[in-house]
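Tertiary structure, described
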Amino acid sequence: MQSKIKQHLTRIGYDCIVSDIGGFPRLVVNVTIAESEIQLMLAAEPPFHSLPEFVLIDADSFGRLAHVTVYQYSGAIFGAVCVNDPDSLSINFEQPQLVVEESLKRHVALLEMCLTNPDWNNKELLREFYSDWLRKCRQDDSKPLLANIEKPILQRLAVYAPLSDKEFGIESHYMVHPADNSFSGISDIHLSMVKGNREAAGIALVIPIHKLTPAPSRFDSLEQWYIDTITALPTTIRNELQQKFGQWRDTTYWIVFTANTVNDDRTWFALKLVCKSKKALPLTGEKLKDWTLAALPIRLFNQESTVQRGGGRLSLSDKKVAVIGVGSVGCEIAHKLSAAGVKSLTLVDPDIYEINNLYRHVLEQGWVGAPKSFALSVAIQRQFPWSNATWYPDDLMKFARNQNMESYDLLVIAIGNPTQERLFKQYLLDTNTDVAVINSWLEGFGIGGHAVLDVSESKGCLLCSYVCPESGARGLVSNMNFIEPNQVTMKSIAGCGEQFISYGAASSAQTGVMTANLAIRYLEGKQTESCKTSWKGDDDDAVNEGIKLTHRFYNFKHSLEYLPLTDEDCDVCSQ
């Protein structure tokens, strides 16, 4: 196959040879870029399941190049060239010659940019700084140093050691942590600090770099990079380092550097300095001789970076939301709102978590017998360290009478009880309470789920969804439902008190996610008017049970769309 690839590349104009490198025959392609003679060695053999890599021979002679990782092999210096993410490209593995041709084109194009455009090359080196830094980390430092740092300023912080009995989880990492923090009081990380079972490992210095230079190209240049970086710090910072930290002596220092890279993007990276005897922080090449340096991977574990990296929004952190009813639908809503960044979440439910709930709920078995709202508040705070989830073991009306509804930005009701929902709506009308409400419910047999956003002072209210299409009068059943009323939809396996509606966890999760998306849209100001939305499932199970479906089900073609809620016959909205 190597000869076929060579023939193909030669036929389209490349200068190819087969050379013995490291005891193996290797295909080498000679190209000229910016008057530089370059040799690229094909580093992979067919079959190709990703774009095959070419390595740059004698990589050191071309200076520091972006996307090129220099390494030594068989006494020579090579450069691994990164032209794409292996998972981002589909290749025709049945045509290896064409795959190699495409890869070669990409390698040549990238190297041409690096060699002919120094500004672009330098920007790419800075943009890729952290990736380059990771390549300087030792394999035994695979777990990143977690750093709860809010501000990129010169500061001294504590470093906590991982718990010896923890193989996984946050407590299995070293962590740079300030004395004050905004963690949930029951998060693992906070509890380990409070209990004092997490030993202090030392002190870390956070050093902001005003002018970042590219990461060191090789392991043996790490010390020189450190000294050059310290030397290049502004005089005020070097003096402050010397005055505040120069007299402090220890055997280990963690140094967390931070700097802007390109377009105001900020990077964080860390070094660990270790010495056999206690010494002051080395700030010169002479004092660095007794120290061993190691690059460390780091993850910023503060609210700003962690929430946003996880797809959440900091703009939601100050929103106050109550979820009333935390059964199979409500728990999904609460979970997704927390994941979106809502910190102040109030969970309301009078029910106890029972073993019958296991297969439709997110809570674990250990919570059986506990109040649902309490258990979910704990679970959410454990997963989302900055959550302030609280709980009430109340039903809807008791919660309404005991709390100030207008103190919330949004109420989400997922109790699946239309009588209580309409009663609550009437309570809001009678008390002139101005608060936005989402009512969410699902129907059995996987037929679908619904959510209604009722915004005060906008067109449409919950009661619009109770206007009977035939009579135009307010009815007792939502006109959004897909199942005709007055049918037996409950199943029983043990008589009265043991009946249940047949629907799976996927149906409740679908309804919960749909409702959470609507809630997030409202909290972000993207949905300001009352609206309704539904998802429609298959009718197989319902038909098998002999359940009659509504005219709306058979004609509904707007799953997950936000539709107007108002009904001109609504006796409340028409006043």
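Residues numbered from 1 in each chain as written. Predicted model: local features only at pLDDT ≥ 70, side-chain atom pairs only at ≥ 80, totals over all residues. Heavy atoms only, no water.

Re the environment of Val 326
Rules: Starting at the N terminus, helices and strands are each numbered in turn, a helix being any DSSP run of H or I of at least four residues and a strand any DSSP run of E of at least two. Categorising residues by exposure relies on relative accessible area from a 1.4 Å probe, with only protein chains included: less than 20% of the type maximum marks a residue as buried, more than 50% marks it as exposed, and the intermediate range marks it as partly exposed. Between two residues, a contact is recorded if the distance between any of their heavy atoms is within 4.5 Å.
Summarising the element assignment, Val 326 is placed in the loop between β15 (320-324) and α9 (328-339). The exposure class assigned to Val 326 is buried, which follows from its relative accessible area of 0%. In contact with Val 326, other than residues within four places in its own chain, are Cys 331, Leu 347, Val 348, Asp 349, His 361, Lys 372, Ser 373 and Leu 376.

Examining a nonpolar patch on the surface
Here is the rule we go by: Like charges are joined within 9 Å and nonpolar side chains (Val, Leu, Ile, Met, Phe, Trp, Tyr) within 5 Å, but only among residues with over 30% relative accessible area and no salt bridge; these make up the patches. Using the Shrake-Rupley algorithm and a 1.4 Å probe, accessible areas are obtained, with residue cover drawn only from the displayed protein chains. Each salt bridge in this description consists of a side-chain nitrogen of Lys or Arg and a carboxyl oxygen of Asp or Glu lying within 4 Å of one another.
The grouping of Phe 24, Tyr 71 and Tyr 73 at the surface amounts to a nonpolar patch, some 290 Å² of accessible area in total. Here Tyr 73 lies in strand β5 (residues 68-73). Tyr 73 gets classed as partly exposed once you look at its relative accessible area, which sits at 36%.

Some words on the layout of surface pockets
Going by this rule: In this analysis a 1.4 Å probe is tested at points of a 1 Å grid over the protein atoms alone, and where it fits but cannot get out there is a cavity; an open set with protein on both sides within 12 Å along at least five of seven lines is a pocket; lining residues have an atom within 4 Å of a point. Grid points are joined across faces, edges and corners, and a volume is the space filled by probe spheres set on the points.
By volume, the second largest pocket is sized at about 730 Å³. Along the walls of the second largest pocket sit 28 residues, with Arg 266, Trp 268, Arg 299, Leu 300 and Ser 305 positioned nearest its centre. Among the elements of the structure, α3 (118-127), α4 (129-134), β12 (266-280), β14 (298-300) and α8 (303-309) are those that each provide at least two residues to the lining of the second largest pocket. Here the lining of the second largest pocket takes five residues from α8, the largest share from any one element.

Observations concerning the pattern of salt bridges
By the definition in use, this model includes 14 salt bridges. One salt bridge in this structure joins Lys 289 and Glu 286, with 3.2 Å as the shortest N-O distance. This pair shows no difference in class: Lys 289 is exposed, exactly as Glu 286 is. Note that Asp 454 and Lys 425 form a salt bridge whose closest N and O atoms lie 2.8 Å from each other. A residue pair is termed long-range when its members are at least 10 positions apart, and Asp 454 in strand β20 (residues 448-454) and Lys 425 in helix α12 (residues 418-430) qualify at 29 residues. Each member of the pair, Asp 454 as well as Lys 425, is classed as buried. Within this structure, Arg 64, Asp 132 and Arg 135 form a network of salt bridges that share partners.

Quick word on the pairing of β15
Applicable threshold: The criterion for strand pairing is that DSSP finds at least two bridges linking the strands in question. Handedness of a crossover is defined as follows: orient the strands so they point away from the viewer, and if the path from the first strand over the helix to the second runs clockwise, the crossover is right-handed.
Counted residue by residue, β15 has four buried out of five residues, so it is predominantly covered. Of the strand pairs in this sheet, β15 and strand β16 (residues 344-348) are connected by five bridges, and their pairing is parallel. Looking at the pairing, Val 321 lines up with Leu 345 of β16. Handedness of the β-α-β unit built from β15, α9 and β16 comes out right-handed.

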